[in-house]
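# Structure assessment
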Amino acid sequence: MQNNPKKYEVLESLPSNGPMYIPIAENGEKFYQEGFVVRFFKSNGEDWVANFKPGWTDLTFITELPENEILIIAKGMGYIMNPDNETPISTFGISIRHIYNIGNDEYIAFDDTHAEIINKQGVKWTSDRISWDGIEEIVIKNEIVYGKSYEPMSIEGNWIDFELDLKTQTLKGGSYNLYEVIQEPKRKWWQFWK
């Protein structure tokens, strides 16, 4: 008897024979293009093929989490799956570009503007906005994330340093915080001509 049975297998394409694949998308919609294809092995010995709807980046990632859950990033779109179920436990993101293991069975994922802590239930926490449009050069040390965020207002296209403390969930720096966002007071509907 095997101690650690296989829970998934990444496939290069949709199988040409056998049972029909199950399309997996954020809102349960059916879609018919080939996405990120994974064969799951149920605890009863059966298997099934999932076709995950992709997001908007090139990042593809899959790993096991505690209690039989699997974390999948399908070209930027995130899913938490249990191989015994054909619907996601959670979906998140759409433009995830970076993902890192931060211990305690948690991961931190970055899109172009925010960071999110992911666990077996899905998104545990989302940071304040870090960047206008781009996060790079990420380093994680002693539960602090260091990186650069893109600042599109400069002619040179500067990258601004940021620090994100994972313990206190506080952000220092980042390009989004360089500018005060000013919102005009809302006018009453009858004052639209003023």
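Data block above holds the structure.
None of these values were measured; they are calculated from a predicted model.

Overall, the coordinates contain 9 salt bridges when judged by the stated rule. As a salt-bridge pair, K120 and E67 come within 3.1 Å of each other at their nearest N and O atoms. Note that K120 is positioned in the loop between β11 (115–119) and β12 (122–126) and E67 in the loop between β5 (60–64) and β6 (70–74), a separation of 53 residues in sequence. Given the relative accessible area of 22%, K120 is considered partly exposed. Among the residues examined, E67 registers a relative accessible area of 59% and is labelled exposed. Several salt bridges converge on common partners, so that one network encompasses E9, R39 and D47.

Okay, the sheet that holds strand β10 (residues 106–110) next. Judged by pairing direction, the sheet is antiparallel, and its 4 strands sit side by side in the order β9-β10-β11-β12 without closing on themselves. Edge positions in the sheet fall to β9 (98–103) and β12, since each of these pairs with one other strand and no more. For this sheet the average axis-to-axis angle between neighbouring strands, irrespective of direction, equals 30°. Across 4 bridges, β10 lies against β11 in antiparallel orientation. By the bridge assignment, Y107 is partnered in β11 with I118.

This brings us to unusual backbone geometry. Even without a glycine there, the phi angle at N68 is positive, about 75°. On the secondary structure map, N68 appears in the loop between β5 and β6. Its relative accessible area of 22% is what places N68 among the partly exposed residues. The backbone of E143 shows a phi angle near 65°, a positive value even though the residue is not glycine. Topologically, E143 is positioned in the loop between β13 (135–141) and β14 (144–151). Residue classification places E143 among the partly exposed positions, given a relative accessible area of 44%.

Along strand β4 (residues 47–52), 5 of the 6 residues are buried, which leaves the element largely enclosed by surrounding structure. As paired elements, strand β2 (residues 22–24) and β4 share 3 bridges and run parallel to each other. Paired with I22 across the bridge in β4 is A50. By the bridge criterion, 6 bridges tie strand β3 (residues 36–41) to β4 in an arrangement that is antiparallel. Counted as the bridge partner of V37 is N51 from β4. The loop that links β3 with its antiparallel partner β4 comprises 5 residues; one of these, G45, has a positive phi angle of about 95°.

Rules and cut-offs
- Residues numbered from 1 in each chain as written.
- Predicted model: local features only at pLDDT ≥ 70, side-chain atom pairs only at ≥ 80, totals over all residues.
- Heavy atoms only, no water.
- Salt bridge = Lys/Arg side-chain N within 4 Å of Asp/Glu carboxyl O.
- Helix = DSSP H or I, 4+ residues; strand = E, 2+ residues; numbered from the N terminus.
- Buried < 20%, exposed > 50% of the residue type's maximum accessible area, 1.4 Å probe, protein only.
- Pairing = 2+ DSSP bridges.
- Axes fitted to C-alpha atoms, helices over the stretch in contact; angles between N-to-C directions.

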